[in-house]
Amino acid sequence: MSKVLVIGAGGVSSVCVHKMAMNPDIFSQIHLASRTKSKCDAIAESVRQRTGQEVATYEIDAEEVPAMVNLIRKLGPSLVVNLALPYQDLPIMDACLEAGVDYLDTANYEPKDEAKFEYKWQWAYHDRFREAGILALLGSGFDPGVTSVFTMWLKKHKLKTIRQLDILDCNGGDHGQHFATNFNPEINIREVTAPARHWENGKWVESPAMGEKVEFQFEGVGSKNMYMMYHEELESLAKFNPELERARFWMTFGDEYIKHLTVLQNVGMTRIDPVKYQGRDIIPLQFLAAVLPQPETLGETTKGKTNIGVIATGEALDGSGEKTFYINNICDHEDAYEETGNQAVSYTTGVPAMVGSAMVLQRKWAGDGVFNMEEFDPDPFLEMLGEQGLPWNVKELDGPVDF
Ligand code: NDP
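Named according to an unreviewed UniProt entry, the chain is Saccharopine dehydrogenase originating from Pelagerythrobacter marensis.

Spelled out as structure tokens, the structure:
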């Protein structure tokens with residue numbers, strides 16, 4: 001029986017709050033605060049209709065640390081779940097430190113003026129969280145999040161060491177729009193236009209964005225082109241699995257998405273530096289995000305499935321030589337929408353955020369300091385993930401990937 005305070009009221013938050021309300025034995029009181037209170041109220045109303053549970057709502061600018069501290073002190077939650085944007089990670093962590101409460105998020109901190117996805121800023125909080133006797137759990141979404149837990153499950157149950165790791169993120173959903181992103185457009189476009197980076201023989205290897213393309217047959221989806229890109233869990237996976245010879249991240253994009261993104265990039269609409277327009281500074285990418293469809297509006301029309309997983313090759317635990325395993329989840333957009341009113345990209349992030357919150361509140365994952373998903377026992381997390389709408393499957397492949 002615990003009280004939680006969720007920050008942010010987008011698609012991920014909506015799924016997470018619905019799933020928390022469906023587990024009232026763990027989440028006995030849910031408080032929801034965000035920049036726009038009407039969005040919190042809309043989630044609360046949907047939760048009331050679907051589950052009969054009440055969610056209390058508040059307006060907050062999470063970058064205002066004193067206001068955050070006041071809200072936390074007033075409500076006295078056991079955990080603050082940050083489902084706002086990566087820019088708010090550090091101010092919310094500061095507020096949690098001051099108020100002495102545990103913290104969880106789904107994406108690592110990113111400075112507004114630089115598309116840099118690195119854990120260094122949040123890892124630097126470790127000693128302060130440890131001394132305060134509180135926990136921060138970083139990256140409890142799907143990727144980052146479940147992909148790291150999948151990897152550690154393979155290392156616990158199938159492989160002694162992991163030599164090669166490939167994370168495959170496929171969204172086979174069709175939303176019927178010419179161009180739209182399935183989560184926050186600004187964060188999504190910053191991520192996919194950044195140079196690709198993978199881990200090889202102890203160092204990062206950088207290559208041009210979208211420069212490496214491979215066609216892959218995804219179960220439940222079909223054949224898709226996937227592109228190598230940088231993704232933040234590669235950093236924590238390399239840190240906690242120092243034996244890794246190579247780790248890469250791949251994401252599928254349709255030809256239409258690539259075509260639109262290329263044009264937008266070529267004309268400067270994805271820039272994140274200020275541009276003078278009619279006497280005032282605007283950030284082209286922020287303006288673009290404002291005119292694109294909001295991700296939370298795509299749920300109603302999106303059809304198809306996501307398929308996200310990890311292929312790992314390494315020395316088998318049972319001494320039978322080198323083995324390769326593929327562990328993944330397939331999620332249906334329409335099923336996700338029916339259950340929570342949100343499409344599968346929000347669903348596959350919001351459910352792990354709820355499961356990570358449950359792990360912390362139930363002390364199945366415990367400690368003082370700042371932790372990544374790789375540092376805890378994967379079993380209770382994956383058991384609950386399967387029960388809560390994201391079942392997963394593991395199979396042995398004939399050999400290592402040939403791409
Ligand atoms: P949305 O843009 O839909 O929602 C973000 C919410 O945060 C909005 O309600 C927004 O308010 C609120 N917000 C923004 N700034 C502030 C602020 N200063 N104070 C308070 N609230 C604020 O994003 P998503 O729901 O798609 O994504 C949420 C998070 O999940 C992001 O960090 C994203 O990177 C992460 N994510 C992680 C994934 C994973 O697998 N790990 C996958 C997908 C997303 P307003 O409504 O006023 O704009």
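There is more to say after this.
**Structural notes on the overall build of the chain**
Across its full length, the chain carries 14 helices and 18 strands. Over its C-alpha atoms the chain spans a radius of gyration of 20 Å, differing by no more than 12% from the 22 Å that the globule rule assigns to 403 residues. With 403 residues in all, the chain has 49% of them scored as buried. Contacts spanning at least 24 positions in sequence make up 73% of the contacts within the chain whose residues lie at least 6 apart.

**A word on the UniProt feature "domain: Saccharopine dehydrogenase-like C-terminal" (unreviewed entry) in the chain**
Under the local residue numbering, the UniProt record ascribes the feature "domain: Saccharopine dehydrogenase-like C-terminal" (unreviewed entry) to residues 141-390. As annotated, residues 141-390 has a helix share of 34% and a strand share of 28%, and its two end C-alpha atoms lie 12 Å apart.

**Considerations on the pairing of strand E18 (residues 392-397)**
Across the six residues of E18, zero count as buried, placing the element largely on the outside. Bridge analysis of strand E16 (residues 322-332) against E18 gives six bridges, and the strand direction is antiparallel. Opposite Thr324, over in E18, you have Leu397 as the bridge partner.

**Some remarks on the sheet that holds strand E3 (residues 55-59)**
Pairing is parallel in the open sheet, where seven strands are placed in the order E3-E2-E1-E4-E5-E6-E17. The open sheet terminates on both sides in strands that have one partner only, identified here as E3 and strand E17 (369-372). Direction aside, neighbouring strands of the sheet carry axes that sit 20° apart on average. The pairing of strand E2 (residues 27-34) with E3 spans five bridges and is classified as parallel. Note on E3: the bridge partner recorded for Ala33 is Tyr58. Lying over the sheet, helix H3 (residues 65-75) contacts strand E1 (2-7), E2, E3 and strand E4 (79-82), oriented at roughly 160° with respect to E1.

**A look at the domain arrangement of the chain**
By the assigned domains, the chain splits into domain 1 (2-138) and domain 2 (146-343 + 391-397). Each of domain 1 and domain 2 has a C-alpha centre, and the two are 24 Å apart. Listed per partner, the contact involves 14 residues of domain 1 and 15 residues of domain 2. Ranked by residues supplied to the side of domain 1 that touches domain 2, first place goes to helix H1 (residues 11-21) with four residues. Of the residues belonging to the side of domain 1 that touches domain 2, the class tally is six nonpolar, six polar and two charged.

What counts and how
Residues numbered from 1 in each chain as written. Predicted model: local features only at pLDDT ≥ 70, side-chain atom pairs only at ≥ 80, totals over all residues. Helix = DSSP H or I, 4+ residues; strand = E, 2+ residues; numbered from the N terminus. Rg over C-alpha atoms; globule rule 2.2 N^0.38 Å. Buried ≥ 20, exposed ≤ 12 C-beta atoms within 10 Å, placed from the backbone. Contact = placed C-beta atoms within 7 Å. UniProt positions renumbered as here; feature names shortened; annotations may be inferred. Pairing = 2+ DSSP bridges. Axes fitted to C-alpha atoms, helices over the stretch in contact; angles between N-to-C directions. Domains from an automatic or database assignment. Nonpolar A, V, L, I, M, F, W, Y, C, P; charged D, E, K, R; others polar.

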